[in-house]
Amino acid sequence: MTGPTMASRPGTKDAPGARTPVRRLVALSWAHLLNDGAANYLPGVLPAVLVAVDEPVQMAGVLIAALTIGQALQPLTGWVADRVGGRRMVAAGLLLSSLGGGLLGVTRNLALLVVLLLMIGLGSALFHPQALAGVRSILQDRRGLMTSVFLVGGELGRGIWPTAASLVATHLGLTYLWIVAVPGLATVALVVRWAPDLAPRRRTGAALRWREHRRPLTLLLGYRSIRALTTAALVAFIPILWHVRGAGLVTGASVITTIVVAGVAGNLLGGHLADRLGRRPVLVVSSLATAALIFPVVYLHGPVVWVAAAVLGPVLFLTASPSVLIGQDIFPENRSMGSGIALGLANGVGALLVLVIGFLVTDADVMPVFWVVATLSVLSAGVALAFPRSLMH
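Here the structure is a predicted model, which means the values were calculated and not measured.

**Focus on helix α10 (residues 249-277)**
The α-helix winds at 3.6 residues per turn, so residues separated by three or four positions along the chain end up facing the same way.
1) Next: When the terminal C-alpha atoms of α10 are compared, their 41 Å separation across 29 residues agrees well with the 42 Å that a helix rising 1.5 Å per residue should span.
2) Next: The largest bend in α10 amounts to roughly 30° and is located at V264.
3) Next: Remark: G278 follows α10 within two positions and exhibits a positive phi of approximately 100°.

**Some points on the nonpolar core**
1) Next: Counting residues in each nonpolar core, the largest one holds 83 residues, and the members touching the most others are L42, V45, F150, F237, I259 and F370.
2) Next: With 11 residues, helix α9 (residues 210-244) is the largest single contributor of residues to this core.
3) Next: Sequence-distant contacts of F370, that is, excluding residues within four places in its chain, are made with A233, L234, F237, I238, L241, I294 and V298.
4) Next: Counting residues in hydrophobic clusters, the runner-up holds 14 residues, among them L217, L219, L220 and F387.

**Considering the side chain of S225**
1) Next: In this fold, S225 is placed in helix α9.
2) Next: On the basis of relative accessibility, which here comes to 4%, the residue S225 falls in the buried class.

**What to know about helix α3 (residues 60-69)**
1) Next: Taking burial as the measure, the 10 residues of α3 include eight buried ones, the bulk of the element.
2) Next: Within the span of α3, buried status applies to A60, G61, L63, I64, A65, A66, L67 and T68.

**Looking at a nonpolar patch on the surface**
1) Next: Where nonpolar side chains cluster on the molecular surface, the patch consists of L172, Y176, W178, I179 and V182 and spans about 460 Å² of accessible area.
2) Next: Structurally, I179 can be placed in the loop between α7 (143-171) and α8 (182-194).

**Some words on the packing of aromatic side chains**
1) Next: Tallying each qualifying case throughout the model produces four aromatic pairs.
2) Next: Taking the centre distance of 6.4 Å and the plane angle of 70° together, the rings of Y223 and F387 count as edge-to-face. Taken together, the residues span a long stretch of sequence, with Y223 in helix α9 and F387 in the segment after α15 (367-385) at a distance of 164 residues.
3) Next: Assessed through its relative accessible area of 3%, F387 is described here as buried.

**Considering the confidence of the model for the protein**
1) Next: Looking at the protein, the pLDDT average stands at 83 and 87% of residues meet or exceed 70.
2) Next: Looking at the elements of the protein, mean pLDDT is at its lowest for helix α14 (residues 335-358), recorded as 75, and at its highest for helix α12 (residues 304-316), recorded as 95.
3) Next: Of the regions scoring below 50 in pLDDT, residues 1-12 engages in 24 contacts with residues more than four places distant in sequence or in other chains.

**Concerning the environment of A384**
1) Next: Among the structural elements, A384 can be located in helix α15.
2) Next: For A384, a relative accessible area of 0% corresponds to the buried category.
3) Next: For the pair A384 and S287, spaced 97 residues apart in sequence, the C-alpha to C-alpha distance is 8.9 Å.
4) Next: Among residues more than four places away in sequence, those in contact with A384 are Y223, R280, L283 and V284.

Calculation notes
- Residues numbered from 1 in each chain as written.
- Predicted model: local features only at pLDDT ≥ 70, side-chain atom pairs only at ≥ 80, totals over all residues.
- Heavy atoms only, no water.
- Helix = DSSP H or I, 4+ residues; strand = E, 2+ residues; numbered from the N terminus.
- Expected span 1.5 Å × (residues − 1).
- Bend = angle between axes of the 7 residues up to and from the residue.
- Core = buried A, V, L, I, M, F, W, Y, C linked by side-chain atoms within 4.5 Å.
- Buried < 20%, exposed > 50% of the residue type's maximum accessible area, 1.4 Å probe, protein only.
- Contact = heavy atoms within 4.5 Å.
- Patch = residues over 30% accessible without salt bridge, like charges linked within 9 Å, V, L, I, M, F, W, Y side chains within 5 Å.
- Areas by Shrake-Rupley, 256 points an atom, 1.4 Å probe, with all protein chains shown as cover.
- Salt bridge = Lys/Arg side-chain N within 4 Å of Asp/Glu carboxyl O.
- Phe/Tyr/Trp six-rings, centres within 6.5 Å; stacked < 30°, edge-to-face > 60°.
- pLDDT = per-residue confidence, 0-100.

Put into structure tokens, the structure is as follows:
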């Protein structure tokens, strides 16, 4: 499948040796897989990391918050991305995420561990807005589906890397976690060559209309923050739950992998359904179904847990592509910032909420966290109903 080169797309600068749009999309999706893999494998080895730094399970929420709070910078990095253009921020983000992920296993100091987690979060904040704007510039048709293809790369990384990291830690030791960083570091050069070279918008970008955007922005931030909290809490505390039950690292990590990899189907389906049926039904159904499906995953035992996780995953990730597009439509004058709010700022707020609910965990009981998350997921369906009709097409 081929299409017009980037030179024919407004808002981009072509470069010698430019690839077809589909190849550029594949390259960005691959980079997204590696970036989000290195930036999100921590839950798969979290019990072992807590032991290594001699901290109780209550610190799990703190570490997950440190990992994701840097993503709150995405609106700022999105604003910068639109003005500097190019693709340097995509490459720099992948580099920082990979380096930070590679160094996590060698530290036994809590303060240094937090610094590395913040570094990874900064890498993600640099990577995502410019990469998402690049994806939108590649293919103008079927944006919901094409955005989903890019997001699938990130979900595969978030799904595969926790189990991969747990296998490395179990068989080789935490110090060998640098292995998971090698593919990302090797791909930085590919990003520099193939990522869309976006034109800067220093002079042509319209001023942000904050007063006009205030209400839809508040609704989007509220909805996405709850969704971010739900995802972060599940991937953080399911391994802790299995650790409390006496299971090994790989068991808890494999449940996460099942949820997130199965979520790829939901990511693709969510973009397609949003294109066909509108965004509101996707947002509401995802919220309500997620709340209901959390309980089989955390209360059941045996192989049926992985079956329940495989059902939860697609439902959980239905809203990823519609949410990004809503953010971009709220801020048509700065789509990178819109993407940054839909993903980054909301993830940062969700990270703070994970930190708070993490203190509900004890060495013997993790379940209160899941009850809180399920309740908030139901409430988020009400937020989805309040979005303006103009954003729900």
